[in-house]
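An overview of the molecular structure
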Amino acid sequence: MTACQPTARPELHPALANRFSPVSFDPVAVVTPAQLGTLIDAVRKAPSAGNSQPWSFIVARRDDAIHRRLVKHLARSSARWAPDASLLVVNLARVLVDETCDWEYSEFARYDLGQAVAHMTIQGLSIGLDAHQFRAFDRAGIAREFDVPPHWEVTTTTAFGVAAHAPGDVTSPGTSRDRAGADQIIWPASSAP
Ligand SMILES: Cc1cc2nc3c(=O)[nH]c(=O)nc-3n(C[C@H](O)[C@H](O)[C@H](O)COP(=O)(O)O)c2cc1C
């Protein structure tokens, strides 16, 4: 007797299926300390090469002092929407061992940071927080503003909050939400599901 194989494709997890990068946030929605705690827990649980955990974060709540220092460094494009988000989290990668040498800390530092940020965004979605990761800000300016030591790289920022529009209503200027097909991203294409 052969084992029955399910034929229907399992549904994508709703947090993944419905995720999008909002370009407008509810300007009064608040992220509670408990919600922030769970976002940080998601990072702490993320895997990293050799458990190196090459990440740290600058956390700014809308209207707090850190936020005021951070938003000055946004590019014109992100300054249109990011300040309204409840929380801005600057993502830092530990790229060198320390400030005294140029030894790489981990060849996977940026990979691990990206994965940790992905875990944080998916955890956010599971508690009703949308997220938009972005690069449009002055990385050197933020490093200076917050005295980020030279062995840490200011990489990206994530805006967390409640989207003020539906996916597809608007997208980031100059970008599309089209996706490559499975046959374009699987090698060889003949093995694509
Ligand atoms: C590393 C990274 C950098 C990004 N930088 C920007 C940015 O500077 N400005 C912006 O509006 N969106 C930025 N995005 C969001 C992407 O444009 C967006 O994820 C992509 O267009 C797909 O749309 P979706 O997230 O709504 O599915 C960035 C995303 C990532 C992961």
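A quick note: this is a predicted structure, and the numbers were derived from the prediction, not measured. (Residues numbered from 1 in each chain as written. Predicted model: local features only at pLDDT ≥ 70, side-chain atom pairs only at ≥ 80, totals over all residues. Heavy atoms only, no water.)

1. Side note on the sheet that holds strand β2 (residues 87-94)
Spatial ordering of the open sheet is given by β1-β2-β4-β3, a layout of 4 strands whose pairing is antiparallel. Each edge of the open sheet carries a strand with a single partner, namely β1 (55-61) and β3 (130-134). When strand polarity is set aside, the average angle formed by the axes of neighbouring strands in this sheet is 25 degrees. Bridge analysis of β3 against strand β4 (residues 152-161) gives 5 bridges, and the strand direction is antiparallel. When the bridges of β4 are listed, Ala131 appears paired with Phe160. Helix α2 (residues 33-44) contacts β1, β2 and β4 of the sheet and is inclined by roughly 165 degrees relative to β1. Along the sheet, helix α5 (residues 109-126) contacts β1, β2, β3 and β4; its crossing angle with β2, the most-contacted strand, is approximately 155 degrees. (Pairing = 2+ DSSP bridges. Helix = DSSP H or I, 4+ residues; strand = E, 2+ residues; numbered from the N terminus. Axes fitted to C-alpha atoms, helices over the stretch in contact; angles between N-to-C directions. Contact = heavy atoms within 4.5 Å.)

2. Description of the packing of aromatic side chains
In this structure the tally under the stated criterion is 4 aromatic pairs. Plain terms: the ring middles of Phe108 and Tyr111 are 6.3 Å apart, the flat faces sit at 70 degrees to each other, and that makes the pair edge-to-face. Its relative accessible area of 58% is what places Tyr111 among the exposed residues. Every member of this aromatic cluster is reached through a ring pair, and the members are Phe25, Trp81, Phe134 and Phe137. One Lys or Arg, Arg94, reaches over the ring of Tyr105 and ends 4.2 Å from the middle of that ring. (Phe/Tyr/Trp six-rings, centres within 6.5 Å; stacked < 30°, edge-to-face > 60°. Buried < 20%, exposed > 50% of the residue type's maximum accessible area, 1.4 Å probe, protein only. Lys NZ or Arg CZ within 6 Å of the ring centre and 35° of its normal.)

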